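What the coordinates show
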Amino acid sequence: MIIAKEKEMPINGQIRVKQMLVIGPNGEQLGVKSKEEALTLASYAGFDLVLINDNGQNAVCKLMDYNKFKYEKKKKQKESQKKQKENHAELKEYRLSPNIDIHDFNTKLNNAKKYLEKGHKVKISIRFRGREMQFTNKGKDVMIKFAEELKDVCEMETKPTLEGRNMMALLSPIKK
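Note that the structure is predicted; figures quoted are calculated from it, not measured.

This paragraph deals with the nonpolar core. The nonpolar side chains of a soluble globular protein tend to be buried with one another. Membership of the largest hydrophobic core comes to 21 residues, with the highest contact counts inside it found for Val122, Ile124, Phe146, Leu150 and Leu171. Looking at this core, the elements that each hand over two or more residues are strand S5 (91–96), helix H3 (102–117), strand S6 (121–127), helix H4 (136–149) and strand S8 (166–173). In terms of residues, this core owes the most to one element, H3, which gives five residues. Residues within four places of leucine 171 in sequence aside, it is in contact with Leu116, Lys121, Val122, Ile124, Phe146, Ala147, Leu150, Cys154, Glu155, Met156 and Glu157. In this structure, Ile15, Leu51, Ala59 and Leu63 belong to the second largest nonpolar core, which totals 11 residues.

Below, the structure is given as structure tokens:
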């Protein structure tokens, strides 16, 4: 596997080494050759000569189609980023109130539904202020109602839990 970055990989005329071990396009060793011999060998084969490793005396070059190599590397990088994005779903927080109005509730519900359909997680939280701490069950009912309304697109990952003055629950999208 080639570890060096594309910018750091000298090709053809950019190589400054006099002697190098040449590796063929299928991975076979072609032996130690001079720079000129290796370049003519690469041009006859229709490939580029790419310096893979240069640690003093033991320089290693490979015959390969460099543009194809860059394309494949970029393709693999995009694929790994795509997989990484799937694994790290974003988390959106919606703050509710124990005395939330029906229209505010529906607005937050619709926004959360859109966000869940994209495959992201939703955290719903309620902050109890003052005397509202005596009626935590009312806040829990609001959270459960919120989750019930969204049960067709999500499942409740964590039940509503009270931590100090905050109550939180986590909703995750249903896997397809």
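Let's pick the thread back up.
This part takes up the sheet that holds S6. Within a sheet, each strand pairs with its neighbour through backbone hydrogen bonds, oriented either parallel or antiparallel. The four strands are arranged S5-S6-S8-S7 in an open sheet whose pairing can be described as mixed. The two strands at the open ends of the sheet, each matched to only one other strand, are S5 and strand S7 (154–163). Shown here is a sheet whose adjacent strand axes are inclined to one another by a mean of 20 degrees, direction ignored. As defined by bridge partners, S5 adjoins S6 across six bridges and the pair is classed as parallel.

With that settled, the discussion passes to the packing of aromatic side chains. Tallied over the entire structure, the rule returns two aromatic pairs. Here the aromatic rings of phenylalanine 105 and phenylalanine 146 are separated by 5.6 Å at their centres, their planes lie at 85 degrees, and the arrangement is edge-to-face. With phenylalanine 105 in helix H3 and phenylalanine 146 in helix H4, this residue pair connects regions lying 41 residues apart in the sequence. The class for phenylalanine 105 is buried, based on a relative accessible area of 4%. A cation over an aromatic ring shows up here: lysine 145 above the ring of phenylalanine 105, its NZ or CZ 5.0 Å from the ring centre.

Here we come to helix H1 (residues 35–45). All buried positions along H1 are accounted for by Lys35, Ala38 and Ala42. Along the axis of H1, the buried positions cluster into a sector of 70 degrees, meaning they face one direction only. Along H1, the residues that are exposed and aim more than 90 degrees away from the buried face are Glu36, Ser43 and Tyr44. Each element contacted by the buried residues of H1 is listed here: strand S1 (19–23), strand S2 (29–34), strand S3 (48–55) and strand S4 (58–64). Directly beyond the C-terminal end of H1, a positive phi value near 80 degrees is found at glycine 46.

Two side chains bearing opposite charge may form a pair once their charged atoms approach each other closely. Across all of its chains, the model carries four salt bridges by this definition. Here arginine 95 and glutamate 93 are joined by a salt bridge, their closest N and O atoms 3.8 Å apart. Judged by its relative accessible area of 57%, arginine 95 falls in the exposed class. We note a salt bridge from aspartate 152 to lysine 113, for which the minimum N-O separation is 3.8 Å. Here aspartate 152 is found in the loop between H4 and S7, whereas its partner lysine 113 is found in helix H3, with 39 residues between them in sequence. In this structure lysine 113 comes out as partly exposed when scored by relative accessible area, which is 28%.

Cut-offs and rules
Residues numbered from 1 in each chain as written. Predicted model: local features only at pLDDT ≥ 70, side-chain atom pairs only at ≥ 80, totals over all residues. Heavy atoms only, no water. Core = buried A, V, L, I, M, F, W, Y, C linked by side-chain atoms within 4.5 Å. Buried < 20%, exposed > 50% of the residue type's maximum accessible area, 1.4 Å probe, protein only. Helix = DSSP H or I, 4+ residues; strand = E, 2+ residues; numbered from the N terminus. Contact = heavy atoms within 4.5 Å. Pairing = 2+ DSSP bridges. Axes fitted to C-alpha atoms, helices over the stretch in contact; angles between N-to-C directions. Phe/Tyr/Trp six-rings, centres within 6.5 Å; stacked < 30°, edge-to-face > 60°. Lys NZ or Arg CZ within 6 Å of the ring centre and 35° of its normal. Arc of directions from axis to C-beta. Salt bridge = Lys/Arg side-chain N within 4 Å of Asp/Glu carboxyl O.

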